[in-house]
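What follows is each chain in one-letter form.
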Amino acid sequence: MLSLLILNGPNLNLLGTRQPKVYGKTTLSEIEAMCVSIATKAGASATCVQSNHEGALIDAIHDARAKHDGIVLNAGAYTHTSVALMDAIASTQIPTVELHLSNIHAREEFRHKSYIAPVAIGQICGFGPDGYRLAIEALVAHLSKA
Ligand code: CA2
């Protein structure tokens, strides 16, 4: 059975509690429960991890080499700054889907740059929590082809 890591970065633990106009009212726990259910329906398992720390996210990507077949990554603001996260994905070569709740290309200029995009198999953004479903389905389809 395919094993997926759903990895969420800084501040995403606050989902549903602040800035509902930008990020919606759904909590991270609700999103994680949805991911497990969607992965199960797609014939995969999903492990959900969130950290506010860049190094912990890098460790989770390294650990995924031994445990998971693919990653859905919402790196939060580290998307726009972290060469280290980019290098972690590139060096482990784990198929990774970049995911954002908001449409980063329709927001401030600094959010248009993604260090994750060049090493991801694809990017999904702008669909809110439903983006996690799209990302899981796309990742499972990609891994099933491989
Ligand atoms: O749209 C996304 O998913 C983002 O990755 C979210 C990041 C942002 O820096 C990226 O540009 C796009 C921010 C996550 C902050 O999450 C919060 C949730 C609730 C309240 C405040 C922040």
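Each chain carries its own residue numbering, running from 1 in the written order of its sequence. Only residues with pLDDT of 70 or above have their local features reported here, since the model is predicted, and side-chain atom pairs are shown and tallied only from 80 upward, although totals for entire chains, interfaces and linings are computed over all residues. Excluded from the side-chain calculations are hydrogens and water; all other atoms, namely the structure's heavy atoms, are used.

Trainee: What's the story with the side chain of His 80 in this structure? I'm lost.
Mentor: Every helix listed is a DSSP run of H or I at least four residues long, and every strand listed is a run of E at least two residues long, numbered separately from the N terminus. Mapped onto the elements of the fold, His 80 is located in the loop between β3 (70-74) and α4 (83-92). Contacts: residue pairs with any heavy atoms within 4.5 Å of one another. Residues contacting His 80, with those up to four places away along its chain left out, are Ile 104, Phe 110, Arg 111, Lys 113 and Tyr 115.

Trainee: Is there a simple way to explain the side chain of His 100 in this structure?
Mentor: Counting through the fold element by element, His 100 comes out in strand β4 (residues 96-100). Polar contact criterion, stated in full: a pair of N or O atoms within 3.5 Å, where within protein one must be able to donate a hydrogen and the other to accept it, and residues adjacent in sequence count only if both atoms are side-chain atoms. A polar contact is formed between the side chain of His 100 and the side chain of Glu 98, at a distance of 2.7 Å. Excluding residues that lie within four positions of it along the chain, His 100 makes contacts with Asn 74, Gly 76, Thr 79, Ile 124, Cys 125 and Gly 126.

Trainee: Explain the packing of helix α2 (residues 28-41) against helix α5 (residues 130-145) to me, please; I cannot follow it from the model alone.
Mentor: Interaxial distance between α2 and α5 falls to 10 Å at its minimum, and their mutual angle equals 30°. In this view, α2 runs roughly parallel relative to α5, as classed from their interaxial angle. As α2 runs across α5, the sense of the crossing is right-handed. Residues Ile 31, Met 34, Cys 35, Ile 38 and Ala 39 of α2 touch α5, and the partners they reach there are Tyr 132, Arg 133, Ile 136 and Glu 137. Considered class by class, the residues forming the contact of α2 with α5 number 7 nonpolar, no polar and 2 charged. Axis definition: a line fitted to C-alpha atoms, limited for helices to the stretch in contact. Angles are taken between N-to-C directions and run from 0 to 180 degrees. Orientation labels follow simple angle bins: below 35 degrees gives roughly parallel, above 145 gives roughly antiparallel, 65 to 115 gives roughly perpendicular, and whatever is left gives oblique. Should the near helix be turned anticlockwise from the far one by less than a right angle, the crossing is left-handed, and should it be turned clockwise, the crossing is right-handed. Residues are sorted three ways: Asp, Glu, Lys and Arg are charged, Ala, Val, Leu, Ile, Met, Phe, Trp, Tyr, Cys and Pro are nonpolar, and all the rest, Gly among them, are polar.

Trainee: It is not clear to me how the sheet that holds strand β1 (residues 2-8) should be interpreted in this structure. Could you clarify?
Mentor: The strands making up a sheet associate through backbone hydrogen bonding, with each pair oriented either parallel or antiparallel. Reading across from one edge, β2-β1-β3-β4-β5 is the order of the 5 strands in this open sheet, with parallel pairing throughout. Edge positions in the open sheet fall to β2 (44-50) and β5 (122-125), since each of these has one partner strand only. Between one strand axis and the next, the sheet turns through 20° on average, direction left out of account. As paired strands, β3 and β4 are joined by 3 bridges and run parallel to one another. Residue Leu 73 lies in a different strand from β4, and its bridge partner there is Glu 98. On the sheet, helix α3 (residues 54-67) packs against β1 and β3 and is oriented at approximately 180° with respect to β1. Strand pairing follows a simple DSSP-based rule, namely that at least 2 bridges must link the two strands.

Trainee: For this particular structure, what's the right way to read the environment of Val 119?
Mentor: In this structure, Val 119 sits in the loop between β4 and β5. Each C-alpha atom, one on Val 119 and one on Ala 84, is 12 Å from the other, the two residues being 35 residues apart in sequence. Apart from the residues lying within four places of it in its own chain, the contact partners of Val 119 are Met 86, Ile 89 and Ala 90.

Trainee: When you look at the environment of Asn 74 in this model, what are you seeing that I'm missing?
Mentor: Looking at the secondary structure, you find Asn 74 in strand β3. The sequence separation of Asn 74 and Ala 138 amounts to 64 residues, and the corresponding C-alpha distance is 15 Å. In this structure Asn 74 touches Leu 7, Asn 8, Gly 9, Leu 12, Leu 99, His 100, Leu 101 and Tyr 132, once residues within four positions along its chain are discounted. At 3.0 Å, the side chain of Asn 74 and the backbone nitrogen of Gly 76 are in polar contact.

Trainee: How do you make sense of the site of the ligand when you look at a structure like this?
Mentor: It suffices for a single heavy atom of a residue to lie within 4 Å of a molecule or strand for the residue to be listed as near it. The ligand sits among 17 residues. The nearest are Asn 74, His 80, His 100, Leu 101 and Ser 102. Between an oxygen atom of the ligand and a main-chain N or O atom of Leu 101, the distance comes to 2.8 Å. Calculation of accessible area relied on Shrake-Rupley with a 1.4 Å probe; when residues are assessed, cover is drawn exclusively from the protein chains displayed. In isolation the ligand exposes 510 Å². Once the protein is present, 94% of that is buried. Because more than half of its atoms lie within 2 Å of the grid, the ligand is assigned to the largest pocket. Grouping the constituent residues of the shell around the ligand by class yields 8 nonpolar, 7 polar and 2 charged. Using only the protein atoms, space was sampled on a 1 Å grid; points where a 1.4 Å probe fits but cannot get out form cavities, open sets with protein on both sides within 12 Å along at least five of seven lines form pockets, and lining residues are those with an atom within 4 Å of a point. For a molecule to be placed in a cavity or pocket, more than half of its atoms must lie within 2 Å of the grid points of that cavity or pocket.

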